Amino acid sequence: MVASANPLTLMGAAGSPYTRKMVALLRYRRIPYAVVWASHRNPPQGYPEPAVKLLPTFYFPKAEGGHHAVVDSTPIIRRLEAEHQGRSALPGDPVLAFLNYLIEDYGDEWLTKCMFHFRWAHQADADNAGPMLIFWNEPAVSDEEAASAAAFISRRQIDRLYVVGSNATTAETIESSYTRLLFILDKLVQMQGYVFGARPSSADFAIYGQLTQLGIIEPTSAAIMTKVSRRVRAWLDRMEDLSGLAPEDNHWAPRATAAERLKPLLTEIGRVYAPFLLANAHAVMARMEAFEAEIDGRAWKQPTFPYQAKCLKWIRDEFSALSAADQADVHSMFAGTGCDALIAGL
Ligand SMILES: N[C@@H](CCC(=O)N[C@@H](CS)C(=O)NCC(=O)O)C(=O)O
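Residue positions are given per chain, counting from 1 as you read along its sequence in written order. A pLDDT threshold of at least 70 governs which residues receive local features in this predicted model, and a stricter bar of 80 or more applies before side-chain atom pairs are shown or counted, although totals over entire chains, interfaces and linings include all residues. Hydrogen atoms and water are omitted, and side-chain values are computed over all heavy atoms in the structure.

## Looking at the domain arrangement of the protein
Where each domain starts and ends comes from a domain assignment, either automatic or drawn from a database. Here the domain parsing of the protein yields domain 1 (8-83) and domain 2 (94-116 + 166-343). Once you take the C-alpha centre of each, domain 1 and domain 2 turn out to be 23 Å apart. On the domain 2 side, the residues contacting the 17 residues of domain 1 number 25 residues. Surface buried jointly by domain 1 and domain 2 totals about 1,700 Å² across both partners, of which 50% is contributed by carbon and sulfur atoms. What makes a salt bridge here is a side-chain nitrogen of Lys or Arg within 4 Å of a carboxyl oxygen of Asp or Glu, nothing more. Linking E240 and R27 is a salt bridge whose minimum nitrogen-to-oxygen distance equals 3.9 Å. Distance and chemistry together define a polar contact, namely a pair of N or O atoms within 3.5 Å, with one atom able to donate a hydrogen and the other to accept it when in protein, and with adjacent residues in sequence counting only for side-chain atoms on both sides. Between the two partners, domain 1 and domain 2, sit 11 residue pairs in polar contact (both at pLDDT 80 or more). By definition, any uninterrupted DSSP run of H or I lasting at least four residues is a helix, any uninterrupted run of E lasting at least two residues is a strand, and each is numbered from the N terminus. Among the secondary structure elements, those contributing two or more residues to the side of domain 1 that touches domain 2 are α1 (17-29) and α2 (73-83). Contact between two residues is taken to exist if any of their heavy atoms lie within 4.5 Å; hydrogens are not considered. What counts as buried area is the accessible surface, traced by a 1.4 Å probe, that two parts surrender upon association, with contributions from both included.

Structure, rendered in structure tokens:
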């Protein structure tokens, strides 16, 4: 057990959905932390660089002194579970833990397509995001410098929209998936508060992270959220700081209840994310540079994304680690949702 007298230091940015995911999780778990608002262009002095320069970057203390620079929120959450007891963000039931893994991954990897798309695809949103990205890190910069830096970063990000699959062909698929998620989340929050019951899981924090941008920063997607669900918009403000929540074991919904209530969300994941993961993994295996698929009845095209082929493999690994009885339960929960394709043949 790590003594928690020293805060765990991380570097992040307010406009980084994964940073927001992790800061909210640390608050909920009451893990003392110190977030440094910076970027890999101006990182905090005295810390090592991570192998892949992403935000957030965590600086875990080494036993012999110094730090390890670690990225990737999903495994970091599991590491924090092992190092800090209580207020767990992972359901104890192995089947629900598996579903939580899948939904967290959908939040991190599909909803981020929505986030990146809404940030840069429409002019009004890009005009808003460019300066915000500068001021989040450099509050004292002059207006002139901010304007030219914003123009530079906006151009770079707009040019990278194609990387996540945002283009004229896919825009409608991305935008309608965001709106459907809001309707689905509205019902879950109304019924039980969070995705897996009356306490938050890492899936809630993943969805929350992306929605801190979509629902608050980007004018177009924020207006959609307000129109579809003020309940979800209010949920975001509460999710930011759940340090006062008193979670109990029985606040996780029982397996059968969760299975029934999660059907619409699983159906959404099966509708967009499962076909994407499968087509992308197939393209990676075939060493294709780009791929085309049908998602939600429309054409989808984008460059292959090797990291997301690993995401599919990790989902399958999590499934394979379940007992035969638990796997059978997952198969029956997935029937008719489209998620069954993710574990077909395992
Ligand atoms: N899978 C990683 C993703 C982290 C990530 O992609 N972070 C973005 C910012 S939100 C980033 O640093 N992108 C690199 C860049 O923008 O140069 C996680 O869960 O932490």
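After presenting the structure, the write-up continues.
## Describing unusual backbone geometry
Generally, phi is negative for residues other than glycine and the peptide bonds are trans, each holding for most cases. Here the residue pair L55 and P56 is connected by a cis peptide bond, since its omega of 0° sits within 30 degrees of zero. Of note, P56 is situated in the loop between β2 (33-37) and β3 (57-61). Not every positive phi belongs to a glycine, and R30 is a case in point at roughly 55°. Along the polypeptide, R30 turns up in the loop between α1 and β2. The phi dihedral of R87 falls on the positive side, at around 50°, and the residue is not glycine. Within the secondary structure layout, R87 lies in the loop between α2 and α3 (94-109).

## Comments concerning the sheet that holds β2
One open sheet holds the four strands; their spatial order is β2-β1-β3-β4, and the pairing between them is mixed. Strands at the two margins of the open sheet, each flanked by one partner only, are β2 and β4 (67-70). Averaged over all pairs of adjacent strands, the angle between strand axes in this sheet comes to 25°, irrespective of strand direction. Two strands qualify as a pair provided DSSP detects at least 2 bridges between them. Here strand β1 (residues 8-12) pairs with β2 via five bridges, running parallel. Counterpart to G12 in the pairing with β2 is W37. Axes here mean lines fitted to C-alpha atoms, for a helix over just the part in contact, with angles spanning 0 to 180 degrees between N-to-C directions. Each of β1, β2 and β3 touches α1; the most contacted strand, β2, lies at about 160° to it. Where α2 meets the sheet, it contacts β1, β3 and β4, and its direction lies at approximately 30° from that of β3.

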